[in-house]
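# Geometric and topological summary
Here are the chains, one letter per residue:
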Amino acid sequence: MEYWGDGMMRRNRNIAKGLVYFCVWLIPLLANAQTKSIIIGEGVRGAMYLPAYIAEEKGFFKRRELDTRMVTFSRSNDINALVSGDIQFDLTAPDKVVHSAIGGFPVKMVMATARGLNLALTVHPSIRSAADLRGKSVAITGFSGLPYTGLLLCLRELGMTKEQVVPLNIGGKTARFEALLGNRVPAAILDPPYTTLAAKEGYRLLVDLAPLDVPYLRNIVAVSEKMLRDDSRTVARFVAGLAEGMQFYRTKSNKEDSMKILAKYLRLPLEKNRAMIEEGYETYRDMMLKKPYADANAMKILMEIIAETNPKARAVNLAALIDPSFVERLDREGMFDR
């Protein structure tokens with residue numbers, strides 16, 4: 001009986017150890033299997049972020065156990081929210097990541113979504129040449145960011161410098177459009193659909209950057225370095241879901257479905273605003289990357305422009321601001337070739 005009792009005790013101890021090892025192995029798996037709630041920041045509500053809207057509506061995020069919520073930032077405080085952990089992903093422009101690096105904020109780009117510039121220098125009908133534009137005010141949004149970059153590139157095409165015009169911080173694209181049509185400014189940097197709407201009113205596109213195929217990285221996904229260290233699995237799931245949204249957007253047979261989603265997120269009735277929504281859809285679909293790598297070479301123009309006002313930008317190592325591993329993994333799996 002004593003031997004039998006010892007044997008039973010040993011067996012019970014072995015079973016207990018086995019249960020402990022099983023739980024140690026199982027609990028992390030169960031934790032990973034739980035749905036993760038994340039908040040996605042965006043600088044503006046528009047067609048450039050349609051892949052994210054599609055991924056939400058079509059369940060591409062949910063399929064990867066992500067419960068998503070989108071927050072639109074009216075001011076440039078999205079990077080602060082990203083670093084503080086108030087949001088987990090930021091759909092934004094690469095210049096914000098560059099400025100963050102200069103300021104010492106630990107943020108990286110994990111993927112890109114759009115390449116190219118569809119901005120235009122839209123002017124009053126009386127302005128027909130660079131000489132007519134000299135000394136005139138041009139509506140932009142601050143002295144950094146996309147509209148300002150667009151202005152500098154448009155002026156470069158005209159053989160002009162920013163000192164030869166008067167850049168005015170008017171505000172967002174709607175405010176710039178209204179300032180132009182209200183004759184408060186004779187020129188503005190606009191993008192579709194406002195360029196088309198302005199043209200219908202008789203305004204001219206003195207310089208249109210869209211057909212020039214400017215090597216410019218337009219939109220990226222930014223993530224804090226803390227998120228990359230502590231929760232790379234969520235980052236991988238998000239990148240895969242957004243990449244699937246990009247593929248859906250780029251597929252022409254999904255046009256009507258994509259436009260319905262865009263109309264929903266813009267809170268515009270599709271039938272009443274079809275022309276405007278369709279133009280936004282078409283414009284950004286052509287800019288969507290097939291393989292969403294954040295390419296440092298497509299940020300050279302950006303770095304030159306930032307360095308004009310902030311010489312510290314010349315010391316920034318762009319490659320160090322990019323983590324391509326998540327896109328590379330999807331590329332190896334053949335996702336972008338399907």
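A few points on the structure. Worth saying up front: this structure is predicted, and the values here are computed from it rather than measured. (Residues numbered from 1 in each chain as written. Predicted model: local features only at pLDDT ≥ 70, side-chain atom pairs only at ≥ 80, totals over all residues. Heavy atoms only, no water.)

## Quick look at the overall build of the protein chain
- When you go through the protein chain residue by residue, the secondary structure sums to 14 helices and 10 strands.
- Sorting the 338 residues of the protein chain into buried and exposed places 49% on the buried side.
- Considering only residue pairs separated by 6 or more positions, the protein chain has 79% of its internal contacts joining residues 24 or more positions apart. (Helix = DSSP H or I, 4+ residues; strand = E, 2+ residues; numbered from the N terminus. Buried < 20%, exposed > 50% of the residue type's maximum accessible area, 1.4 Å probe, protein only. Contact = heavy atoms within 4.5 Å.)

## Observations concerning the pairing of strand 4 (residues 107-115)
- Among the nine residues in strand 4, seven count as buried, and that is most of the element.
- Pairing geometry for strand 4 and strand 10 (residues 217-224), over seven bridges, is antiparallel. Following the sheet pairing, Lys108 is matched in strand 10 by Val223. (Pairing = 2+ DSSP bridges.)

## Here we look at helix 2 (residues 50-57)
- When you tally the buried positions in helix 2, you get six out of eight residues, the bulk of the element.
- For helix 2, every residue scored as buried is listed here: Leu50, Pro51, Ala52, Tyr53, Ile54 and Ala55.

## Focus on the pattern of salt bridges
- Summed over the entire model, instances satisfying the criterion amount to 21 salt bridges.
- A salt bridge links Lys226 to Asp230; the shortest N-O distance between them is 3.0 Å. Residue Lys226 and its partner Asp230 are both found in helix 9 (residues 225-230); the two are separated by four residues, about one turn of the helix.
- Exposure remark for Lys226: the relative accessible area of 53% places this residue in the exposed category.
- By relative accessible area, Asp230 is classed as exposed at 52%.
- Asp331 serves as the salt-bridge partner of Lys291, at 3.3 Å between the closest nitrogen and oxygen. (Salt bridge = Lys/Arg side-chain N within 4 Å of Asp/Glu carboxyl O.)

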